[in-house]
Amino acid sequence: MSAILGTASDASGAHLRDRDAIDVTHGQILYLEDVEVSFDGFRALRGLSLMLANNELRCIIGPNGAGKTTMMDVITGKTRPDKGTVFLGQTLDLTKMDEASIAQAGIGRKFQKPTVFENHTVWQNLDLARATDKRWFRALRAKPSPAALRAIDDTLQRTALTGVAHRAAGELSHGQKQRLEIGMLLMQEPRLLLLDEPAAGISDDETMQLAELLNSLRGTCSMMVVEHDMAFVAALAGEQGRVTVLAEGSVLAEGTLAQVQSDERVIESYLGR
Ligand SMILES: Nc1ncnc2c1ncn2[C@@H]1O[C@H](COP(=O)(O)OP(=O)(O)OP(=O)(O)O)[C@@H](O)[C@H]1O
Ligand SMILES: [Mg+2]
């Protein structure tokens, strides 16, 4: 597998991902075609096809049970599709890779519930996330290099957590924890970030702060954001960004937010509820 991913070793022996392993020469970072997933005969994904351009920020909306989380499970290797094509760039067939290799290839995923180390400080959480060698004893022992210290500082600034860097993560607000978890993902330098309802359960102010953070990441990685909060979606999509509507396991509509919001089928299946 390491040959496929083109991993290399740094001075500390930790494995570094070769970022060039993802071939985006045709402009697409993610390619799904005709993906099918069934659970005991229930078809959660039905011929799902979707493409994401490199460095695009795509919002995905759609009713409960539409298959949004299942789609992320397929992309991250948690669920194997029964049928269909799932590629990262031109060359990496995600249906043939396990979850660890997919993460290693540069896909970071944020689940709805933040998973930070509550008893560690914000700074320590970022430091632990940085360690590419997951053997914990090495992660705890390895002294951060000057470059690593800079990366932690940059991430603290980007996530607006510098002021709470030395507070225990358990003391943070829900919105701050969400930003910390995104910061932890950023420490791995992802090429594609998948975020499943990141604004769920956080205050309006923190929701807008989260939108600002994701907008600031434009150009550094591709993002797929599943969300029900339409103010948040509007803040991310703007007037030009593409929004995909999933319903009953496939794409119901795709276009600018204004376009999908005025689509009769979208209003009927989702917005008009
Ligand atoms: N492991 C599973 N076993 C059985 N059914 C499942 C499983 N995972 C998902 N489903 C079903 O597949 C369908 C799609 O679920 P999914 O969680 O992907 O929807 P979603 O679009 O993320 O919805 P929500 O907006 O509520 O998060 C649902 O009907 C769900 O009950
Ligand atoms: Mg879901």
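Use the structure listed above.
Residues numbered from 1 in each chain as written. Chains lettered and ligands numbered in written order. Predicted model: local features only at pLDDT ≥ 70, side-chain atom pairs only at ≥ 80, totals over all residues. Heavy atoms only, no water.

What follows concerns the pairing of strand S6 (residues 83-88). Bridge analysis of strand S3 (residues 28-39) against S6 gives five bridges, and the strand direction is antiparallel. The residue of S6 that forms the bridge with glutamate 33 is threonine 85. Looking at chain direction, S6 and strand S7 (residues 92-93) are connected through two bridges and run antiparallel. The residue of S7 that forms the bridge with leucine 88 is leucine 92. Taking the residues between adjacent antiparallel strands as the criterion, S6 and S7 are bridged by three residues, where glycine 89 takes a positive phi near 65°. (Pairing = 2+ DSSP bridges. Helix = DSSP H or I, 4+ residues; strand = E, 2+ residues; numbered from the N terminus.)

So, about unusual backbone geometry. Residues apart from glycine generally show negative phi values, whereas peptide bonds are mostly found in trans. Its identity as a non-glycine residue notwithstanding, asparagine 55 has a phi of 70°, on the positive side. For asparagine 55, the position within the fold is in the loop between strand S4 (42-53) and strand S5 (57-61). Residue asparagine 55 is classed as partly exposed on the basis of its relative accessible area, which comes to 32%. Although it is not a glycine, glutamate 248 adopts a positive phi angle of roughly 50°. Relative to the helices and strands, glutamate 248 resides in the loop between strand S11 (243-247) and strand S12 (250-255). (Buried < 20%, exposed > 50% of the residue type's maximum accessible area, 1.4 Å probe, protein only.)

For the rest of this paragraph, the subject is the sheet that holds S7. In spatial order, the strands read S4-S3-S6-S7; together these four strands make up an open sheet with antiparallel pairing. In this open sheet, the two strands that pair with only one neighbour each are S4 and S7. Packed on one face of the sheet, helix H2 (residues 68-75) meets S3, S4 and S6 and runs near 115° to S3. (Contact = heavy atoms within 4.5 Å. Axes fitted to C-alpha atoms, helices over the stretch in contact; angles between N-to-C directions.)

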